[in-house]
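One letter stands for each residue in the lines below.
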Amino acid sequence: MWLPVDARWYSPLLLLVFLYLTKYVHGNCPSHQFECANGRCIPIAWHCDDDNDCGDNTDEDKCEIRTCSETEFKCHNSKCVPLRWLCDNEDDCGDGTDEDPRHCQNKTCSPDQFHCGSSSALCIPVTWRCDGQEDCPDGSDEKDDCRQITCTEEEFTCDNNKCITRRWLCDQDNDCGDFSDEKSCPNATCSSSEFMCTNGKCIPDRWRCDGDVDCIDDGSDELICPKVTLRSPCASKEFMCKSRDCIHQSWVCDGDADCPDRSDEANCTIACRQDQFQCRNKQCIHGTLQCNSVKDCADGSDEENCKTQIPVSCDPSKHFDCGDKHCIPIELACNRKNDCGNWEDEPRDKCFFNECLVNNGGCSQKCIDDPIGFHCECHPGYKLSDNQTCEDIDECEIPGSCSQLCNNTKGGFKCSCLEGYSIEPFNHHRCKAQQGHGALLFANRRDLRKIDLETSEYTLVSSGLRSAVAIDYDFAKRMVFWSDVLEERIYSAPIETGSPVTEIITDKIITPDGLAVDWIHGNIYWTDTGRNTLSVANLDGKMRKVLFGTHLDEPRAIVVSPLEGWMFWADWGEPAKIERAGMDGTHRNTIISKDIRWPNGLTVDLTSQKLFWADAKFHVLCSANYDGSNQRVILSSVRDVKHPFSLDVFEDWLYWTDWESESIYKAEKFSGQNVQSVVNGVSSPMGLRVYHSYKQPKGPNHCMPNNGGCSHLCLPSPKVTEGSSKFTCACPDGLVMADDMLHCIAD
């Protein structure tokens, strides 16, 4: 701002103008920058890119006229953009010509696409039509001949229009989500072959007094029994919750409820030592950890009300720094008053002079005149590289900028999708599967259930189970696999009918907490917390092998990536860790060992090549690369991540089951934001998998044909390098490999 000045200010002002003209008009730019005729410096890559970055267009003078290729569209400003960017509701040209209605209204959709109507040039996959979700801006994809979902005769229509099997009516579980399936229910009665638990649930009478708790909520089936010692599922170094879940003994009375029923914190008298800090949740941590900018308390109370010893910096947009972090309001600078105390806010050579009028202050984009001095700013999509020169921000380096593929552009970025996915019409940063509806397949001890993620249709897969925990499937074969920790078995069944049920693994198994299906090579992998082993078998269970039986303490979740030949598993023992190995048992190593205590759920995202896990002790959801690098906390919340057990990922969402809240949640996989409840009132939610064909993409089976020449097991090898072996022959337990490394012989 120009204000009247007196003669005292005139000489210094002329000197300052001269210095600016000398520096910016006749100065030189660094070798990695282009010098405009007006003295501005811009990145050399911006020279001859069809944008007037200098302001005087000298960066576009004497440039060869670029000819767009056959796969590009030439904008009115001569910029070239890919043809696939035309009429996609994004101004990629910068002048709007790629979205000109004159040619967009004549756009023709391909046979496998649906046209959103005369008011829009948008084409969407035809499979998105009538899927219960509006994808067209005018909602035309859900109008006309689309039928509303109606429940079948075998299903009950909830008040919220959800469909559930009639077998779930009046079973004391909130299956509808609005309790309408539990309204007007008669008093519960059990058949003559059943036992009624105190909570009203019925179990087979043969399960009463068998040493295992089957009335999960109250344990009443084992209360009035002959002299039978109820066997504990926990090891000697573990604490058994009233719910009969096991936790580390050291976690009892630590102020953080780890048992689903919170029994580990019952009747606790916690008094911290004088050298400790007591968190709000009664947890004790060492006193030196208070106010160290790290949340060491589970509730974060150790970082509350911290008075920093170092004065905060002055905010240059609101304050003037008088020195030594003495801040005054910016409007008090250059007001001809001694507000700082030593006239620091009234410099004669800087007040009342607008430096931005001289060559834009040397700023490559925006010059902001301050009461004292000035500062440079950049347009959106750019950042300052040297306080004056703006350079492009590579948004593709920021996690979550795009769901899948990202193309950085000057001042912006463009998202695209892998084959089989399309950009969401209402969010051009997200990719949505073109084919099929995703569904959640989960176990809750007694049942295997499936819920459609778009229509919320609820179906029963299998029922009458004792304690189903881990779950997985083979999409191509339409088979579901699960473990039962009370029956000490692994089963399979057709996913559409739930029967017949086939026993896969029946012996030498105790607590199979995790399992994973290799859908390409036809094998199943599982962890056994009771035996501390990790094993593999073919899908009929006739050939099986223990891959690892050492250095395992509490192995739980396991996932496989047969396209690359890797498997990952979580171990919540001492020390807690996540390990990786080839699916043939080679190249075993620990990839996550820091900032981890109780890794329950584990999954891989094939589209981003990321590993995700849930930690029930730290109440966090995390991610890392397949090799354990780039470890990130996605979501940290005692409220939203109370006691996660299992999780999976699909499209842009993480899904997880939570024991304490008896719910299934979802959140954005890159940021952890937008936490939503998918299903509420699920008693004992356990293993979880997203059911969709894209979760199990097709790939080469190098064991075919002829089982790779192997006499018994053929296991995929990890892709360490391009020249890595494709498979390894392996022998079932009790046999050894012959010298030809193909055939197994008796030991």
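Naming follows an unreviewed UniProt entry, where the protein chain appears as Very low-density lipoprotein receptor of Stegodyphus mimosarum.

1. Let's talk about the nonpolar core
Within the largest apolar cluster, 22 residues are counted, with the highest numbers of intra-cluster contacts made by Ile164, Leu440, Phe442, Tyr458 and Tyr655. The contacts of Ile164, once residues within four sequence positions are left out, are Glu154, Glu155, Phe156, Cys158, Asp175, Cys176, Asp181 and Tyr458. Core analysis: the second largest hydrophobic core is formed by 21 residues, Ala439, Val469, Tyr491 and Tyr691 among them.

2. Description of the packing of aromatic side chains
Aromatic ring pairs: the centre-centre distance and the angle between the two ring planes describe each pair. A complete count under the given rule lists 13 aromatic pairs for this structure. What links up through ring pairs into an aromatic cluster is the set Trp251, Trp572 and Trp598. A cation over a ring is seen here: Lys432 above Trp128, with NZ or CZ 4.5 Å from the ring centre. In this arrangement the basic side chain of Arg588 is found over the ring face of Phe548, its NZ or CZ atom lying 4.7 Å from the centre.

3. A few points about the sheet that holds strand β38 (residues 577–582)
With respect to topology, 4 strands assemble into an open sheet ordered β36-β37-β38-β39, the strand pairing being antiparallel. The open sheet terminates on both sides in strands that have one partner only, identified here as β36 (555–561) and β39 (589–592). Averaged over all neighbouring strand pairs, the angle between strand axes comes to 30°, with direction disregarded. Strand direction decides the pairing type here: strand β37 (residues 566–571) and β38, joined by 6 bridges, are antiparallel. Looking across to β38, one finds that Ala570 is bridged to Ile578.

4. Details of the state of the cysteines
Joining two cysteines, a disulfide is a covalent bond between their sulfur atoms. For the coordinates displayed, the defined rule picks out 25 disulfides. Covalent S-S linkage joins Cys334 and Cys351, the inter-sulfur distance amounting to 2.0 Å. Here the S-S torsion is close to -85°, and the disulfide linking Cys334 with Cys351 is therefore left-handed. Here Cys351 lies in the loop between β16 (327–329) and β17 (366–369) and Cys334 lies in the loop between β16 and β17, a separation of 17 residues in the sequence.

5. Here's the deal with the environment of Cys378
Following the sequence through the fold, Cys378 ends up in the loop between β18 (374–377) and β19 (382–384). With relative accessibility at 17%, the residue Cys378 sits in the buried group. Placed 13 residues apart in sequence, Cys378 and Glu391 show a C-alpha to C-alpha distance of 8.4 Å. Once residues lying within four places of it in the same chain are set aside, the contact partners of Cys378 are Gln365, Lys366, Lys383, Leu384 and Cys390.

6. Examining the sheet that holds strand β46 (residues 663–668)
Reading across the sheet, the 4 strands line up as β44-β45-β46-β47 and stay open at both edges, with antiparallel pairing between neighbours. A single partner strand is all that each edge strand has here, and the edge strands are β44 (644–650) and β47 (676–679). Adjacent strand axes in the sheet meet at a mean angle of 30° when their direction is disregarded. Bridge count between β46 and β47: 3 bridges; the pairing is antiparallel. Residue pairing in the sheet places Ile664 in a bridge with Val679 of β47.

7. Concerning the domain arrangement of the protein chain
In terms of domain boundaries, the protein chain breaks down into domain 1 (29–64) and domain 2 (436–695). Computed over C-alpha atoms only, the centres of domain 1 and domain 2 are separated by 54 Å.

8. A look at the side chain of Lys666
Mapped onto the fold, Lys666 is located in strand β46. Residue contacts for Lys666: discarding those within four places in its chain leaves Trp653, Leu654, Tyr655, Trp656, Asn674, Val675, Gln676 and Val678.

9. Quick look at the pairing of strand β28 (residues 468–474)
With respect to burial, β28 is a largely interior element, 7 of its 7 residues being buried. Examined bridge by bridge, β28 and strand β29 (residues 479–484) share 5 bridges and lie antiparallel to one another. Within the sheet, the bridge partner assigned to Ile471 lies in β29 and is Trp482. A loop of 4 residues connects β28 with β29, the two strands running antiparallel in sequence, and Arg478 in this loop sits at a positive phi of about 55°.

Basis of the calculations
- Residues numbered from 1 in each chain as written.
- Predicted model: local features only at pLDDT ≥ 70, side-chain atom pairs only at ≥ 80, totals over all residues.
- Heavy atoms only, no water.
- Core = buried A, V, L, I, M, F, W, Y, C linked by side-chain atoms within 4.5 Å.
- Buried < 20%, exposed > 50% of the residue type's maximum accessible area, 1.4 Å probe, protein only.
- Contact = heavy atoms within 4.5 Å.
- Phe/Tyr/Trp six-rings, centres within 6.5 Å; stacked < 30°, edge-to-face > 60°.
- Lys NZ or Arg CZ within 6 Å of the ring centre and 35° of its normal.
- Pairing = 2+ DSSP bridges.
- Helix = DSSP H or I, 4+ residues; strand = E, 2+ residues; numbered from the N terminus.
- Axes fitted to C-alpha atoms, helices over the stretch in contact; angles between N-to-C directions.
- Disulfide = S-S within 2.5 Å.
- Domains from an automatic or database assignment.

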